[in-house]
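# Structural overview for review
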Amino acid sequence: MGARQFSISKRPHGLNTRERQFGIKTNRHRITLLKLISNMHSEDSDDDMNVGAPMMVEVKGHSRTPRQHSQRSLHRDSDSDEENRYEDDYEDDMTTARSGRTTSRKKKPGKNGRHGIDMTPPDKLLKQAVKRIGKFRENEKHDEAIRELVRCIALTRIVYGANHWKLAESHADLAEAYLDLKGLAPQADYHSESAKTIMLNTVATYTTEQEKADVIFILFKIHHTQGRALTEMKQYSDAEKALSKADRTCHDFSRLTCVSDDECDEMEIKYCHATARLYWKQKKHARSAAQFDKLLDLMKRQYGPDSMDLVPIYQEYGKISFYLLELSKGKYANYDKATDLYLQSHTIAGANYREGSTKMVDTGLALAQAYISTGKEEAEDLAEKYLNECLVTCQTGYGPQHKKTIEVQDELARLLIRTDRQEDGLDILKSTLPDKCEIYGDYSEQVSDTHKLTASVHLSQGNLEKSLRGYKKCLNIEQIVLGKNHRKTKDTERTIDILMASPGLSNKFVLSKEDELKKRPKFNTMVTTKQSLGGFKSSAF
């Protein structure tokens, strides 16, 4: 080894912690180090030739090389490879988080055995997050989409700063997602207010008319989302103010030359829909109906008369129309107009989907329920026809043990009971009860409603014993699921008390101790004592 001597003292305790962890034997490790040191210091010619060369230290399972800062190494990966690698790592993170594992995720090793470190700039991360939001929305992964929107807020703050209108746009997008995807109005109102605060405290600088249009569109989204959220929160005066501001921004947007007519129509459609719902909540029914008529005209012109976007509007308008008919109490009943709205939605679904498609089940079920609500005999025949079609479609497409199949069967059973075919209705209810217990659970509101409906049918037929047993099963479930003070629980308990008052049932059914305590009169601390004068005088204990 030359002039220099190297000695390694023996360790009496054998392997250290790292050696035990990686399974390295002590003697082999020492021999490797001695060979390395001897090669470095014994050959002078090799030292001259290897100046600046990377030093390799091999340990079992590891290889380390100092990074050479060259222009090639700084740009070794393309943007597409870097984006795909980041998305793969993100998917692994999401899988690990969903599985609940506590072990650390193993990253893909980079060059020379180094672990890959993500050095993607924030602006590229922001673009990638926006792409993932679109994918999550298409796949109806609402929680993942909202998580990415929260990430966008942080990245936008890093890229553009805390007082930029882009940050307000991120807050507005998150508020809209909270309201549309999750139905969380308070969260939507909070982020809309945050976006509005940023816009008020920011001097919007834009160089082109297109950027000005973007800023105005963000203002419209903020006011529109906040107005809808406040409507859901029943703060109608504040909601009306927010929607009026949205209307003003819509007019400002339409004056710009860089915007198209389709963009203006889209904003007008959103505003009309929001104001129609607001008027409906405020019980301004005439103004609400006028806004719905205007909304349908705009959507037919924008999307076409057979667009599936019209289906939820037709159904919502039909629901409002039936409610107005109930308020009029049959004085000005026009059921044809109300059912025609549901018929239009079902016709549009039939034009877009093939016959027997599960997409038509919802529209067919809504149309059948609309015909049942009319109370007409010919309408009930049509309702039974559509329900049978929906049932066949559900059993073929979804299967017998599906929530939608059970929903259609329950509606058909109610119709059969209503049209004096109780036995057929009871057969359907009995057949669906095991499936409901398996899907919803033995103690669920759906099972209790089935017991209650069955008990009511037995009561109408005069079978008091079967009726009482059904009501008792219903009461036990409702007390657990809904609570003893719930309205439905109290109604069921009151029905049982009426049935137990009959002499024939009171002798056959023995009350439990809890029921006996309820029947006992309340305790009174005042007692009466008989006096010598023949009168009664009250005295306390």
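Residues numbered from 1 in each chain as written. Predicted model: local features only at pLDDT ≥ 70, side-chain atom pairs only at ≥ 80, totals over all residues. Heavy atoms only, no water.

### Some words on the overall build of the protein chain
Per the secondary structure count, the protein chain includes 24 helices and 4 strands. Once local pairs closer than 6 in sequence are excluded, the contacts in the protein chain between residues at least 24 apart make up 55%. Working note: accessible area of the protein chain is about 34,100 Å², and carbon and sulfur atoms make up 51% of it. (Helix = DSSP H or I, 4+ residues; strand = E, 2+ residues; numbered from the N terminus. Contact = heavy atoms within 4.5 Å. Areas by Shrake-Rupley, 256 points an atom, 1.4 Å probe, with all protein chains shown as cover.)

### Some thoughts on the pattern of salt bridges
Taken as a whole and assessed by the stated rule, the structure comprises 23 salt bridges. Notably, a salt bridge pairs Arg132 with Glu148, separated by 3.1 Å at the nearest N-O pair. In this pair, Arg132 sits in helix H6 (residues 122-138) while Glu148 sits in helix H7 (residues 142-160), placing the two residues 16 residues apart along the sequence. In this pair, the class of Arg132 matches that of Glu148, namely buried. (Salt bridge = Lys/Arg side-chain N within 4 Å of Asp/Glu carboxyl O. Buried < 20%, exposed > 50% of the residue type's maximum accessible area, 1.4 Å probe, protein only.)

### Details of the nonpolar core
In terms of nonpolar packing, the biggest core is built from 30 residues, with Leu174, Ala188, Met199 and Ile222 touching the most fellow members. Of all the secondary structure elements, the ones that give two or more residues to this core are H6, H7, helix H8 (165-182), helix H9 (185-200) and helix H10 (209-232). With 10 residues, H8 is the single largest residue contributor to this core. The residues contacting Met199, other than those within four sequence positions of it, are Trp165, Ala168, Val215, Leu219 and Ile222. Counting 29 residues, the second-largest nonpolar core is a separate cluster that includes Val361, Leu365, Leu367 and Ala368. (Core = buried A, V, L, I, M, F, W, Y, C linked by side-chain atoms within 4.5 Å.)

### Some thoughts on the packing of aromatic side chains
Using the criterion set out here, one finds 5 aromatic pairs in the structure. Where Phe217 meets Phe253, the ring centres are 6.3 Å apart and the plane angle is 50°; that geometry is what we call tilted. Of this pair, Phe217 sits in helix H10 while Phe253 sits in helix H11 (residues 236-254); the two residues are 36 residues apart in sequence, bridging distant segments of the chain. With relative accessibility at 4%, the residue Phe253 sits in the buried group. With centroids separated by 6.2 Å and ring planes inclined at 10°, the aromatic side chains of Tyr371 and Tyr386 adopt a geometry described as stacked. (Phe/Tyr/Trp six-rings, centres within 6.5 Å; stacked < 30°, edge-to-face > 60°.)

### Some details on helix H12 (residues 261-281)
The end-to-end C-alpha separation of H12 is 30 Å, in line with the 30 Å expected for 21 residues at 1.5 Å each. Once H12 finishes, Lys283 follows within two positions and takes phi at roughly 65°, a positive value. (Expected span 1.5 Å × (residues − 1).)

### Considering the confidence of the model for the protein chain
Caution applies to low-pLDDT parts of the model: their predicted coordinates are not meant to be read in detail. For the protein chain, per-residue confidence averages 77 on the pLDDT scale, and 70% of positions sit at 70 or higher. pLDDT under 50 marks residues 1-27. Its contacts with residues more than four places away, or in other chains, come to 28 contacts. Low pLDDT, under 50, characterises residues 531-541; the stretch is placed with 18 contacts to residues that sit more than four places away or in other chains. (pLDDT = per-residue confidence, 0-100.)

### As for unusual backbone geometry
At Glu140, a position not held by glycine, the phi torsion is positive, near 60°. Its location among the elements puts Glu140 in the loop between H6 and H7. The exposure class of Glu140 is exposed, given its relative accessible area of 63%. Positive phi, normally seen in glycine, also occurs at Lys283, with a value near 65°.

### A few points about H9
Taking 1.5 Å of rise per residue, the 16 residues of H9 would be expected to cover 22 Å, and the 22 Å separating its terminal C-alpha atoms lies within 8% of that figure. When H9 is considered as a whole, its buried residues turn out to be Ala185, Ala188, Asp189, His191, Ser192, Ser194, Ala195, Lys196, Ile198 and Met199. Along its buried surface, H9 packs onto H8 and H10.

### Thoughts on a nonpolar patch on the surface
On the surface, Ile158, Val159 and Tyr160 cluster together to form a nonpolar patch covering roughly 270 Å² of accessible area. Relative to the helices and strands, Val159 is located in helix H7. According to the relative accessible area criterion, Val159 is partly exposed, its value standing at 33%. (Patch = residues over 30% accessible without salt bridge, like charges linked within 9 Å, V, L, I, M, F, W, Y side chains within 5 Å.)

### What about a negative patch on the surface?
A cluster of acidic side chains, namely Asp214, Asp261, Asp262 and Glu263, defines a negative patch on the protein surface. Looking at the negative patch element by element, the count peaks at 3 residues for H12. Residue position: Asp261 is located in helix H12. A relative accessible area of 63% places Asp261 in the exposed class. (Lys, Arg positive; Asp, Glu negative; His and termini not counted. Charge placed at Lys NZ, Arg CZ, Asp CG, Glu CD.)

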